[in-house]
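The chain contents come next:
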Amino acid sequence: MNKKLILTTIIAMAMTACNTPKKSDFANMDGEWNITEANGSKLTTTTGQVPYIGFNLTEGRVYGYSGCNRIMASIDKKTGKVNFSKMASTMMACPDMETERKVLAALTRVNKAVNSGDGTASLIDADGNEVAKLEKRFEPMPYTELEGNWTIEKTYGQETKKPTDGNKPSLAIDTKTNKLSGHTGCNRLMGNIERGNGNDQALSFGQPATTRMACPDMETERNVVSALAETKSFGRLRNGNVGLFNTNGTIVMELTKATPANGK
């Protein structure tokens, strides 16, 4: 091999290396993560909706919820970085903006993420300091595991009220026939289950039908029916319950497996 050919080969290899996208500083972060601490401060919320951040490495997209508003950013495929200082967000005002201020202040310092591999992760600044703690928001689960009876523990992040004359609202899911039935706390409900094409976690109920009995407190029923109508996906939460999410990724309902009356 002559010197000219060697030099040409070296130049070609160098150019290829320069054009190869750097491995993202957010590698292994695919999915959605609850933000539990920001700059050393534990986060609390009055709405029951926990701030979260999501990473879609395939699309180079970052998104989430900061405590009041939706946030979005992109991963630079050449540098593997996310410029959180140029993060976009919706502009809604909320009664309590303190949590959002803490989240945004932490995110503007983020340089990379470290996945601990145990369902937790950290967001790190340029000096190596931890600016936020994360917990995996949910894990994918087979649709067939939704089979059976469920108690509706929460709607829109708030504990579901238990009627004075009965049990908490409940759902019965039949994954074989894709049918839904249950009790809203006042009326019986029924409906169909639809699955999304190409997305194993996609799930929707349309607008479930209910019987027409009037009860002293109809707020719980309204929340249950509304949450079901908004549902677009599902997943297993860290506490073992099942979460139903709307199109924005906000959890609208939390279910726990119902215990049979005989305890078996």
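Let me sum up the structure you'll find in this document. Fair warning: this is a prediction, and the values are worked out from it, not measured in the lab.

Looking only at helices and strands, the chain features three helices and 19 strands. Within the chain, the fraction of its 264 residues that count as buried is 40%. Taking the intrachain contacts of the chain between residues at least 6 apart in sequence as the baseline, contacts between residues at least 24 apart amount to 50%. In the structure as shown, the chain presents an accessible area of about 14,800 Å², 53% of it carried by carbon and sulfur atoms.

In this section: the nonpolar core. Residues Ile-53, Phe-84, Leu-107 and Leu-123 are the most contacted members of the largest nonpolar core, which totals 25 residues. Listed by contribution, the elements that provide at least two residues to this core are strand 1 (31–38), strand 3 (52–56), strand 5 (70–74), helix 2 (98–107), strand 7 (110–115), strand 8 (120–125) and strand 9 (130–136). Each residue touching Leu-107, except ones within four places of it in the same chain, is listed here: Ile-53, Ile-71, Phe-84, Met-87 and Leu-123. Formed by 21 residues, the second largest nonpolar core is a distinct cluster that contains Ile-152, Leu-180, Leu-189 and Leu-203.

Between its terminal C-alpha atoms helix 3 (residues 219–230) stretches 17 Å, which fits the 16 Å expected from twelve residues at 1.5 Å a residue. Considered for burial, the residues of helix 3 that qualify are Thr-220, Glu-221, Val-224, Val-225, Ala-227 and Leu-228. Buried residues of helix 3, seen end-on, are gathered within an arc of 160° and therefore sit on one face of the element.

With that out of the way, let us pick up the layout of surface pockets. The space that makes up the largest pocket amounts to roughly 580 Å³. What lines the largest pocket is a set of 25 residues, among which Glu-32, Arg-61, Tyr-63, Phe-138 and Ser-233 lie closest to the centre. Across the lining of the largest pocket, the residue classes tally to seven nonpolar, eleven polar and seven charged.

On to the packing of aromatic side chains, then. By the definition in use, this model includes three aromatic pairs. Note on Phe-26 and Phe-84: the rings are 6.3 Å apart at their centroids and 70° apart in plane angle, and the pair reads as edge-to-face. Taken as a pair, Phe-26 in the loop between helix 1 (3–19) and strand 1 and Phe-84 in the loop between strand 5 and strand 6 (88–89) lie far apart in primary sequence, 58 residues in all. On the basis of relative accessible area, Phe-26 is assigned to the buried category, the value being 0%. Three or more aromatic residues link up through ring pairs in this structure, and these residues are Phe-26, Phe-55 and Phe-84. In this arrangement the basic side chain of Arg-195 is found over the ring face of Tyr-143, its NZ or CZ atom lying 4.1 Å from the centre.

Attention now moves to the environment of Thr-90. Here Thr-90 is to be found in the loop between strand 6 and helix 2. On the accessibility criterion, Thr-90 (35% relative accessible area) is partly exposed. Remark: the alpha-carbon pair of Thr-90 and Arg-70, spanning 20 residues in sequence, is separated by 5.4 Å. The contacts of Thr-90, once residues within four sequence positions are left out, are Asn-69 and Arg-70. Among the polar contacts listed, one links the side chain of Thr-90 to the side chain of Asn-69, at a separation of 2.8 Å. From its side chain, Thr-90 meets the backbone nitrogen of Arg-70 in a polar contact 2.9 Å long.

Across four bridges, the pairing between strand 11 (residues 148–155) and strand 13 (residues 170–174) is antiparallel. Looking at the pairing, Trp-150 lines up with Leu-171 of strand 13. Here strand 11 runs beside strand 19 (residues 251–257); their pairing, made up of five bridges, is antiparallel. Across the sheet, residue Lys-154 finds its bridge partner in strand 19, namely Glu-254.

About the thresholds
- Residues numbered from 1 in each chain as written.
- Predicted model: local features only at pLDDT ≥ 70, side-chain atom pairs only at ≥ 80, totals over all residues.
- Heavy atoms only, no water.
- Helix = DSSP H or I, 4+ residues; strand = E, 2+ residues; numbered from the N terminus.
- Buried < 20%, exposed > 50% of the residue type's maximum accessible area, 1.4 Å probe, protein only.
- Contact = heavy atoms within 4.5 Å.
- Areas by Shrake-Rupley, 256 points an atom, 1.4 Å probe, with all protein chains shown as cover.
- Core = buried A, V, L, I, M, F, W, Y, C linked by side-chain atoms within 4.5 Å.
- Expected span 1.5 Å × (residues − 1).
- Arc of directions from axis to C-beta.
- 1 Å grid on protein atoms, 1.4 Å probe; cavity = no way out; pocket = protein on both sides within 12 Å on 5 of 7 lines; lining within 4 Å.
- Points joined across faces, edges and corners; volume = space filled by probe spheres on them.
- Nonpolar A, V, L, I, M, F, W, Y, C, P; charged D, E, K, R; others polar.
- Phe/Tyr/Trp six-rings, centres within 6.5 Å; stacked < 30°, edge-to-face > 60°.
- Lys NZ or Arg CZ within 6 Å of the ring centre and 35° of its normal.
- Polar contact = N/O pair within 3.5 Å; in protein donor to acceptor, adjacent residues only side chain to side chain.
- Pairing = 2+ DSSP bridges.

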